[in-house]
Every structure is written in structure tokens, then in C-alpha cells.
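What follows is each chain in one-letter form.
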Amino acid sequence: MRSRRVGRMKILYLLSGWLTSVLSLHSLEVGNISCSSSPNEIVSRFKEIASLDLCREKCLDNEECEFYSYYKNVFNVNMRKLCVLHSSCGAVNPGCNNCFLGSKSATSANCPAPADNGGRYVYRDTDGKTKSTESNVTVDNASKLYFLCNRKLSVLQCFFGELYFEGRRALRELNCGCSSIHHLSDISCDRPTYEKGVAWGGTSCERTCGGMSVCKDGRWSEDIRGSCGISRETSNNISIVLSVVLTIATAVLVVLVCFYQRRIINKLSG
């Protein structure tokens, strides 16, 4: 009798472990979106799949499948009840009504807020509350993140723990950078360039002879490219003085030329 109880307990234990493993495979899914994969990212296509659940099972049974798109009652009749398995999802189509996109192996649907890189991120959560990413918020799955840089707005969207920009997976962080000053020999910066001729937003640069500038919102906080020992204000004043002196000198030269021209004409006429 006791051995039967032990046997039943073992069976229940094994069943509970199996159920846990099956439930852990349950994927993350988003509605009204599909994966716009390139041909080499498509693992397989199945027509006349009756439900999203069956499409999910197709992906779970395929080792190469990481994402799956299910087209339920879409406008295109030829694509209705179509199930597409993807090895990866480099681009998405967020305007696909009655479509579903699922991920088999994503451990979290939310995205960590990226670094602001000289700009400013604003996020509106599912409750409609606007938040700044300075508070280390996480972005909910399928939610949008707005990047502000020098009056320019860029929109990203979170899907299965990764951010997408203009429908494609964001391979690099967005940057609100400035013209690079790294090439100047006596200037040192705390970050390398973002790309040729462009500094990362948030970069701080310092001159050996004094002066520091920070790249923020697409502009340097101070112009430290002038001659050492001369402040920006002094440099501007010198430029103004030189401009006035040049204007006066030009006027005097014109007067002298006119004066000598008259003397020559008078001599010739006399």
C-alpha cells in the first residue's frame, strides 16, 4: 500500500515538472503586428492554421523558430489563417490588423530604457502616464518611446525586450550628437566619436589650457576651440574691434584715393 502511494507521488512529481516545463515555454505575443522578415529569416509557412494556439505549437516544435506571425482575419484573403515561422525578426509591421506576433524564447517583454546620449527620452506607459527615462523606467511591450533631440522627434517601439526604430531592430543607440572636436590636439574627451565627424551626445571635452564643454541637445555648451587664454567673450570683442578698424581703414583709403585722383586731374587740366 505504501509502495503504491510512493509510486503515485513520483508520478505526480514528474507530471508537475513536465507541466512546469511546458508552461515555461509559453510565448509572449502581441496583437496587430507581424514580422516583416527577409526570405532568409523565414523558417516555414503553413496555410489554413485554425488558431493562434496551433501556430504557436508549430513554432515550439521547430528548433529553428524564434518568432511566429499569425494572420487571422486579415484583409488579404490569400493570407488568412497563415502561420509564418521566423528564425529572427529584424523588422516589424505594426500596422497589420488582426495579426499576431509571438516570441518563443524572450524572457521578458519589457525593454530597459536606453541612455539619453545628449537628448531626452519620454515614455507614456499603459496607464497613460508620461515619464522621463531619467527615473530608470522600463518600457512595456508594444509601447512607444519618444526621443527628443534639438526639436527633432524620433519614435521607437518595444517588442519582446528589444527596441525597434522605423520598423527595424535598433542596432545602435540613438544619438543627439555634436560636431566632433576630438581631432584638436590639445582637447581630451571622455567618450570616443559616435561616427566620423560626430561626437556622442553627453560627451564632455576639456582643453589642456583650460575650458570645458559638454555636448547636449546637439550643441556644445561652450566653444573651446579658440586660442588658449582668450575667453569666448574676449574673442568676440576682438573680432568686433578688428571689424570696425578694417571698416575705418577702408573708408580712409577710399578718401585718400579720391583726394589724389582730384589732384592729378587738376594738374592735368592746369
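Up top you'll find the structure we're talking about.
Residues numbered from 1 in each chain as written. Predicted model: local features only at pLDDT ≥ 70, side-chain atom pairs only at ≥ 80, totals over all residues. Heavy atoms only, no water.

Q: Teacher, can you tell me more about the overall build of the chain here?
A: Along the chain, the regular secondary structure elements total three helices and 22 strands. Counting over 270 residues, the chain shows a buried share of 29%. For the chain, long-range pairs separated by at least 24 residues make up 54% of all intrachain contacts whose partners lie at least 6 apart in sequence. Of the accessible surface of the chain, which amounts to about 17,900 Å², a share of 55% is contributed by carbon and sulfur atoms. (Helix = DSSP H or I, 4+ residues; strand = E, 2+ residues; numbered from the N terminus. Buried < 20%, exposed > 50% of the residue type's maximum accessible area, 1.4 Å probe, protein only. Contact = heavy atoms within 4.5 Å. Areas by Shrake-Rupley, 256 points an atom, 1.4 Å probe, with all protein chains shown as cover.)

Q: Just checking my understanding: could you explain the state of the cysteines for this structure?
A: Working definition: the covalent bond between the sulfur atoms of two cysteines is a disulfide. A full pass over the atoms with the stated rule returns eight disulfides. Between the sulfur atoms of C96 and its disulfide partner C99 the distance amounts to 1.8 Å. C99 carries the same exposure label as C96, and that label is buried. (Disulfide = S-S within 2.5 Å.)

Q: What is the right way to read the environment of R56 from this model?
A: Examined against the element boundaries, R56 turns out to sit in helix 2 (residues 52-60). Under the relative-accessibility criterion, R56 is labelled buried at 11%. Separated by 11 residues in the primary sequence, R56 and F67 have C-alpha atoms spaced 9.0 Å apart.

Q: How should the sheet that holds strand 18 (residues 193-195) be read in this particular structure?
A: One key point about sheets: their strands pair by backbone hydrogen bonds, in either a parallel or an antiparallel sense. Ordered by their spatial adjacency, three strands build an open sheet running 16-19-18, and the pairing between neighbours is antiparallel. Each having just a single partner strand, strand 16 (178-179) and strand 18 make up the two edges of the open sheet. In the sheet, strand 18 pairs with strand 19 (residues 198-199) via two bridges, with the strands oriented antiparallel. Following the sheet pairing, E195 is matched in strand 19 by V198. (Pairing = 2+ DSSP bridges.)

Q: Can you help me understand unusual backbone geometry in this one?
A: Trans is the common state for peptide bonds, and a negative phi is the common state for residues other than glycine. Phi at N98 takes a positive value of approximately 65 degrees, unusual for a residue other than glycine. If you trace the backbone, N98 turns up in the loop between strand 6 (92-93) and strand 7 (99-103). Looking at N98, the relative accessible area reads 38%, which means it is partly exposed. A positive phi angle is found at A142, which is not glycine, with a value near 70 degrees. Within the element layout of this structure, A142 appears in the loop between strand 11 (138-139) and strand 12 (144-149). Judged by relative accessible area, which is 28%, A142 ranks as partly exposed.

Q: I tried to follow the packing of aromatic side chains on my own but got confused; where do I start?
A: For any pair of aromatic rings, the description rests on two quantities: the centre-to-centre distance and the angle between the ring planes. If you walk through the whole model with that rule in mind, you get four aromatic pairs. Above the plane of the ring of F46 lies K58, whose end atom (NZ or CZ) is 4.5 Å from the centre. Directly above the ring of Y194 sits R172, whose terminal nitrogen or CZ lies 4.0 Å from the centroid. (Phe/Tyr/Trp six-rings, centres within 6.5 Å; stacked < 30°, edge-to-face > 60°. Lys NZ or Arg CZ within 6 Å of the ring centre and 35° of its normal.)

Q: Help me understand the sheet that holds strand 21 (residues 212-216), please; the structure alone is not making it clear to me.
A: Across the sheet, which stays open at both edges, the four strands sit in the order 17-20-21-22 with antiparallel pairing between neighbours. Among the strands making up the open sheet, the edge pair consists of strand 17 (187-189) and strand 22 (219-220). Relative to strand 20 (residues 204-207), strand 17 runs antiparallel, the two sharing three bridges. Its bridge partner being in strand 20, S188 is matched across the sheet by E206.

Q: Help me out: how do you make sense of the pairing of strand 12 in this one?
A: Regular strands place side chains that alternate from one sheet face to the opposite one. Along strand 12, the buried face is formed by L145, F147 and C149; none of K144, Y146 and L148, which line the opposite face, is buried. Examined bridge by bridge, strand 12 and strand 13 (residues 152-159) share six bridges and lie antiparallel to one another. Bridging from a neighbouring strand, Y146 pairs with V155 of strand 13. Taken together, strand 12 and the strand that follows it, strand 13, pair antiparallel across an intervening segment of two residues, in which N150 is found at a positive phi of about 50 degrees.

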